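Summary of the model geometry
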Amino acid sequence: MHISASPDPAKVLIIDDEIGPRESLRMLLKPSYQVHTAENVETGLQLLQEKRPDTIVMDIRMPGMNGIDGLRKIREIDPHLSVIMFTGFGALETAQEALRLGANDYINKPFDAVQMREVISRNVERTRLQRQSEATAHEVQELNERLRNELAQKERLASLGQASAEFVHDLSNPLTIVWGYVQILAKKLEHGDGNNGLQPTSSPRELQIIEQNVRLCRELLTMWQSYGKVGAAKTKPVSISNIVQDVGKSVSGMASQNGVQLDCHIADEECIVLGDPIQLTRAVQNVIVNAIQAATDKHGKVVVNCREKDLYADIQIRDTGYGIAENEIGKIFDPYFTTKQGKNGTGLGLYITKKVIDDHNGSIDVKSTLGEGTTFTLRLPLHDR
Ligand SMILES: Nc1ncnc2c1ncn2[C@@H]1O[C@H](COP(=O)(O)OP(=O)(O)OP(=O)(O)O)[C@@H](O)[C@H]1O
Ligand SMILES: [Mg+2]
């Protein structure tokens, strides 16, 4: 096979101290290859590093470092590169010695042009194949590594799935009891209860928040139990403005207990999106709770904004908390990534949020400065726009 000139011609390096064979070989190869020449091994080794040839043709007998020593050095630099030894007549033993030391071929001087072209072409191809299979092996190794990681993560999620099934089962009973008592308490307050000295009144704000959140827990459990069943996902037009406002109200107690100032600004123009209200509540709640947790140590501030922007509902959660380190920002949506070890962090909050937002064809963006604070922006396409 003869390699013709292409946008990326193969490179041949000729190392020979004799100008005659060196230049005639250059003339022979020039039409098909990019040819580099060196008159001693030292210059040849330098060109090897600079030009990365596909084949070397090297004389054995040279003043200074000879071809055999040169071959040893070349093998240290590039074990896969084809090296053809150029030998004088009657130097068969040295040629054999060179082959034993890892030369790939040899050719006698004076050379036959047809044979020389054939040997070069074969060796160029050989180097290229070697390099290609090396690159492929590297890619396969990387792919394997990635698959192993993904599998480990899937196994972790699967075992968590089993544990959650048991957990959800046991959680629904006490929750139903709490739900029942919240209802009883609300009724008692409404009608008054002489025995306890309670006067008739509507449910106070605190009780409404408890009721709202117990309901959310029950709905989450129901959703979990029907997970994977056909028709489980219910999407409908929902007011994300109301959801953000309700979440803001329900976490306001947590914020004030932690000395964090929480401000919610909901634009008058209501943002309606198509989706599942429970899922969206989870998504927003995780981000706001994180922001409050981040701002707690500094007694900082959390500002939530919900407004319409470019056909999207734009929900921004800005905190003046501890911020996120640059090398961690790419990991925060990974399941189980948490910096709250020992503080009950599971590292699932943002993973869930991202999944919910993706399911609703939205996007989530984060900007953070370590020590100064973080801004999360959730965007959800507006319904009927
Ligand atoms: N507002 C924020 N400020 C600083 N760091 C944050 C913020 N939000 C998230 N993070 C970082 O991202 C990590 C992952 O958040 P995520 O909500 O997924 O898990 P978590 O809060 O650690 O645990 P969980 O939500 O399960 O209680 C956090 O541990 C924290 O390091
Ligand atoms: Mg969290």
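Our subject is the structure that appears above.
Thresholds, definitions, all that
- Residues numbered from 1 in each chain as written.
- Chains lettered and ligands numbered in written order.
- Predicted model: local features only at pLDDT ≥ 70, side-chain atom pairs only at ≥ 80, totals over all residues.
- Heavy atoms only, no water.
- Near = heavy atom within 4 Å.
- Polar contact = N/O pair within 3.5 Å; in protein donor to acceptor, adjacent residues only side chain to side chain.
- Areas by Shrake-Rupley, 256 points an atom, 1.4 Å probe, with all protein chains shown as cover.
- Helix = DSSP H or I, 4+ residues; strand = E, 2+ residues; numbered from the N terminus.
- Pairing = 2+ DSSP bridges.
- Axes fitted to C-alpha atoms, helices over the stretch in contact; angles between N-to-C directions.
- Contact = heavy atoms within 4.5 Å.
- Buried < 20%, exposed > 50% of the residue type's maximum accessible area, 1.4 Å probe, protein only.
- Lys, Arg positive; Asp, Glu negative; His and termini not counted.
- Salt bridge = Lys/Arg side-chain N within 4 Å of Asp/Glu carboxyl O.
- Phe/Tyr/Trp six-rings, centres within 6.5 Å; stacked < 30°, edge-to-face > 60°.
- Lys NZ or Arg CZ within 6 Å of the ring centre and 35° of its normal.
- Arc of directions from axis to C-beta.
- Parallel < 35°, antiparallel > 145°, perpendicular 65-115°, else oblique.
- Left-handed = near helix turned anticlockwise from the far one by under 90°.
- Nonpolar A, V, L, I, M, F, W, Y, C, P; charged D, E, K, R; others polar.
- Core = buried A, V, L, I, M, F, W, Y, C linked by side-chain atoms within 4.5 Å.

Comments concerning the site of ligand 1
Taken together, 20 residues sit near ligand 1, with Asn290, Thr338, Thr339, Lys340 and Thr346 positioned nearest. For ligand 1, an oxygen atom lies 2.7 Å from a polar atom in the side chain of Asn290. Between ligand 1 and Leu348 there is a distance of 3.4 Å, counted from an oxygen atom to a backbone nitrogen or oxygen. Calculation on ligand 1 without its partners gives an accessible area of 590 Å², and the protein chains cover 92% of this total. Elements with a minimum of two residues in the shell around ligand 1: helix H8 (277–296), helix H9 (349–359) and strand E12 (373–381).

Quick word on the sheet that holds E12
The pairing of strands in a sheet comes from backbone hydrogen bonds and takes either a parallel or an antiparallel form. The sheet built from five strands is open, its strands ordered E7-E9-E10-E12-E11 with mixed pairing. The sheet terminates laterally at strand E7 (261–266) and strand E11 (363–369), the two strands that pair on one side only. Sheet twist, expressed as the average angle between the axes of neighbouring strands with direction ignored, equals 10°. This element, helix H7 (residues 240–257), spans E7, strand E9 (301–309), strand E10 (312–319) and E12 of the sheet and lies at about 170° to E7.

Focus: the side chain of Lys340
Relative to the elements of secondary structure, Lys340 occurs in the loop between E10 and H9. For the buried Lys340, which has no salt bridge, the nearest side chain bearing the opposite charge is Asp319, at an N-O separation of 9.4 Å. A distance of 3.0 Å separates the side chain of Lys340 from the side chain of Asn290, its partner in a polar contact. A distance of 2.6 Å separates the side chain of Lys340 from the side chain of Gln293, its partner in a polar contact.

Quick look at the packing of aromatic side chains
Taken as a whole, this structure holds one aromatic pair when the rule is applied. Here Phe86 and Phe111 contribute two aromatic rings whose centre-to-centre distance is 5.9 Å and whose plane-to-plane angle is 35°, an arrangement assigned as tilted. Here Phe86 is found in strand E4 (residues 82–87), whereas its partner Phe111 is found in the loop between strand E5 (105–108) and helix H5 (113–191), with 25 residues between them in sequence. The class of Phe86 is buried, set by a relative accessible area of 0%. Across the ring face of Phe86, the terminal group of Lys109 is positioned such that the distance to the ring centre comes to 5.1 Å. For the cation-ring pair, Arg379 lies above Tyr312, with the distance from its terminal atom to the ring centre recorded as 4.4 Å.

As for helix H3 (residues 67–77)
Those residues of H3 that sit buried are Gly67, Ile68, Gly70, Leu71, Ile74 and Arg75. Down the axis of H3, the smallest arc covering the buried residues is 150°, so these residues share one side. The residue sitting at the N-terminus of H3 and contributing the capping side-chain oxygen is Asn66; that oxygen lies 3.0 Å from the backbone nitrogen of Ile68.

A short note on unusual backbone geometry
Keep in mind that most residues, glycine aside, have a negative phi and that most peptide bonds are trans. Lys109 connects to Pro110 through a cis peptide bond whose omega is -10°. With respect to the secondary-structure elements, Pro110 resides in the loop between E5 and H5.

Re the pattern of salt bridges
Summed over the entire model, instances satisfying the criterion amount to 16 salt bridges. Two residues, Asp59 and Lys109, come together in a salt bridge whose shortest N-O distance is 3.2 Å. Placement of the pair is Asp59 in strand E3 (residues 55–59) and Lys109 in the loop between E5 and H5, with a sequence separation of 50 residues. With relative accessibility at 3%, the residue Asp59 sits in the buried group. A salt bridge links Glu145 to Arg148, with the nearest nitrogen and oxygen atoms 3.0 Å apart. A residue pair is termed a helical-turn pair when its members lie 3 or 4 positions apart in one helix, as Glu145 and Arg148 do in helix H5 at three residues. Within this structure, Asp16, Glu18, Asp59 and Lys109 form a network of salt bridges that share partners.

Observations regarding the environment of Ile77
With respect to the helices and strands, Ile77 occurs in helix H3. On the basis of relative accessible area, Ile77 is assigned to the partly exposed category, the value being 37%. Separated by 32 residues in sequence, Ile77 and Leu45 place their C-alpha atoms 8.8 Å apart. Excluding residues within four positions of it along the chain, Ile77 makes contact with Leu45, Leu48 and Gln49.

Brief notes about the packing of H8 against H9
The interhelical angle for the contact between H8 and H9, taken along N-to-C directions, is 140°, at an axis separation of 9 Å. The orientation of H8 with respect to H9, classified from their angle, is oblique. For H8 against H9, the interelement crossing comes out left-handed. Within the contact between the two elements, H8 uses Gln279, Leu280, Arg282, Ala283, Asn286, Val287 and Asn290 and H9 uses Gly349, Leu350, Ile352, Thr353, Val356 and Ile357. The residue makeup of the contact of H8 with H9, split by class, is seven nonpolar, five polar and one charged.

Points about the nonpolar core
Counting residues in hydrophobic clusters, the biggest one holds 38 residues, and the most contacted among them are Ile240, Ile288, Val302 and Ile317. Secondary-structure elements contributing two or more residues to this core are H7, H8, E9, E10, H9, E11 and E12. Ranked by residues supplied to this core, first place goes to H8 with nine residues. Sequence-distant contacts of Val302, that is, excluding residues within four places in its chain, are made with Val260, Gln261, Leu262, Asp263, Ala291, Ile292, Ala295, Ile317, Arg318 and Asp319. If you look at the next biggest cluster of nonpolar residues, it comprises 20 residues, including Ala38, Leu48, Met58 and Leu81.

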